[in-house]
Amino acid sequence: MSGTPSTATALGLILCHDCKRLNDARNLKAHGLCCRCGSRLHARKPESLARTWALTLTACLLYVPANVLPVMTVLMTGRSEADTILSGVKALLIGGMWPLALLVFFASITVPVLKLLVLIFLLLSVQMKSHWRPRERTALYRLTETIGRWSMIDIFVIAILVALVQVGALASITAGPGAVAFGGVVVSTMLAAISFDPRLIWDAMETPHEVD
Ligand SMILES: [Zn+2]
């Protein structure tokens, strides 16, 4: 790395989030609005770290009931059977539907855990003003944000499961409390990823650091 790259802030410029115009930072002091479209200007997402931490911890807490409580109850010939995410995956494996079992496992367990771990890692690295591989960390953030869309896989998975149950002529299938908690995990992780400001990674590069 040859020298630290300049940031817009260091050059006295602020990017408008809505129309992407670069504004003179003095505008911010004068009226705080974009000189072209009139949107409110802020150099960084407000309270980014606190918001991202709060949403990430909420997601972590909800992850417990999402996996312990049943996500669905299948009523079959008068007997009801409650399934958690893991027991559902196991039932699919036993039923020989391993591609679907893999899909549910990947979308419901692997992806949310990885996203939360990445967010915690990014938050800690920004707080410690780390100089370690800012480019790679930015790429990691972009990946996490992109993968958020793949959490929608779950909705398709549930649709497929409902279809399979109907083909099997089972009486009824209802969502359990675990499904609500799981929805909470997906939404709060998505919001956490949105509220994280990756520019904070580069702000840390501006401060001197003894270890590189
Ligand atoms: Zn603007």
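Since the structure is predicted, the reported quantities are computational estimates derived from the model, not experimental observations.

A.B. asks: What is the right way to look at the environment of Ala-82 in this model?
C.D. replies: If you trace the backbone, Ala-82 turns up in strand S4 (residues 79–83). C-beta crowding within 10 Å serves as the criterion here: with 16 such atoms nearby, Ala-82 is assigned to the partly exposed category. Each C-alpha atom, one on Ala-82 and one on Gly-176, is 7.9 Å from the other, the two residues being 94 residues apart in sequence. What Ala-82 contacts, discounting residues up to four positions off in sequence, is Pro-70, Thr-73 and Gly-176.

A.B. asks: For this particular structure, what's the right way to read the environment of Asp-203?
C.D. replies: Along the polypeptide, Asp-203 turns up in helix H8 (residues 199–206). Overall, Asp-203 belongs to the partly exposed group, with 17 C-beta atoms counted inside 10 Å. Along the backbone, Asp-203 and His-131 are 72 residues apart, and their C-alpha atoms lie at a distance of 9.8 Å.

A.B. asks: Would you explain the packing of helix H2 (residues 48–68) against helix H4 (residues 98–127) in this entry?
C.D. replies: When two helices pack together, you describe them by how their axes are tilted relative to each other and by the distance separating the axes. Viewed as axis vectors pointing N to C, H2 and H4 meet at an angle of 150°, and their least axial separation amounts to 10 Å. When the axis of H2 is compared with that of H4, the two are roughly antiparallel. Crossing angle aside, the handedness with which H2 passes H4 is left-handed. The residues of H4 that touch H2, namely those facing Leu-49, Thr-52, Trp-53, Thr-56, Ala-59, Cys-60 and Tyr-63, are Pro-112, Leu-116, Leu-119, Ile-120, Leu-123, Val-126 and Gln-127.

A.B. asks: Explanation requested: the nonpolar core in the structure shown.
C.D. replies: Looking at soluble globular proteins, one finds that nonpolar side chains tend to be buried together. In this structure, Ala-59, Leu-119, Val-185 and Ala-192 are the most contacted members of the largest nonpolar core, which totals 27 residues. For this core, the elements supplying multiple residues, two or more each, are H2, strand S3 (72–76), helix H3 (85–94), H4, helix H7 (177–195) and H8. Here this core takes 7 residues from H4, the largest share from any one element. Aside from chain neighbours lying at most four places away, what touches Leu-119 is Thr-52, Thr-56, Thr-144, Ala-192, Ala-193 and Phe-196.

A.B. asks: I tried to follow unusual backbone geometry on my own but got confused; where do I start?
C.D. replies: Keep in mind that most residues, glycine aside, have a negative phi and that most peptide bonds are trans. The backbone of Lys-20 shows a phi angle near 65°, a positive value even though the residue is not glycine. Along the chain, the position of Lys-20 falls in the loop between strand S1 (13–15) and strand S2 (22–24). The phi dihedral of Glu-47 falls on the positive side, at around 50°, and the residue is not glycine. Secondary-structure assignment places Glu-47 in the loop between helix H1 (25–30) and H2.

A.B. asks: Explain H2 here, please?
C.D. replies: Note that an α-helix has 3.6 residues per turn; residues three or four places apart therefore point the same way. Along its 21 residues, H2 runs 31 Å from first to last C-alpha, staying within 8% of the 30 Å computed at 1.5 Å per residue. For H2, the set of buried residues is Thr-52, Leu-55, Thr-56, Ala-59, Leu-62, Tyr-63 and Ala-66. Contact partners of the buried residues in H2: H4 and H7.

What counts and what doesn't
- Residues numbered from 1 in each chain as written.
- Predicted model: local features only at pLDDT ≥ 70, side-chain atom pairs only at ≥ 80, totals over all residues.
- Helix = DSSP H or I, 4+ residues; strand = E, 2+ residues; numbered from the N terminus.
- Buried ≥ 20, exposed ≤ 12 C-beta atoms within 10 Å, placed from the backbone.
- Contact = placed C-beta atoms within 7 Å.
- Axes fitted to C-alpha atoms, helices over the stretch in contact; angles between N-to-C directions.
- Parallel < 35°, antiparallel > 145°, perpendicular 65-115°, else oblique.
- Left-handed = near helix turned anticlockwise from the far one by under 90°.
- Core = buried A, V, L, I, M, F, W, Y, C linked by C-beta atoms within 7 Å.
- Expected span 1.5 Å × (residues − 1).

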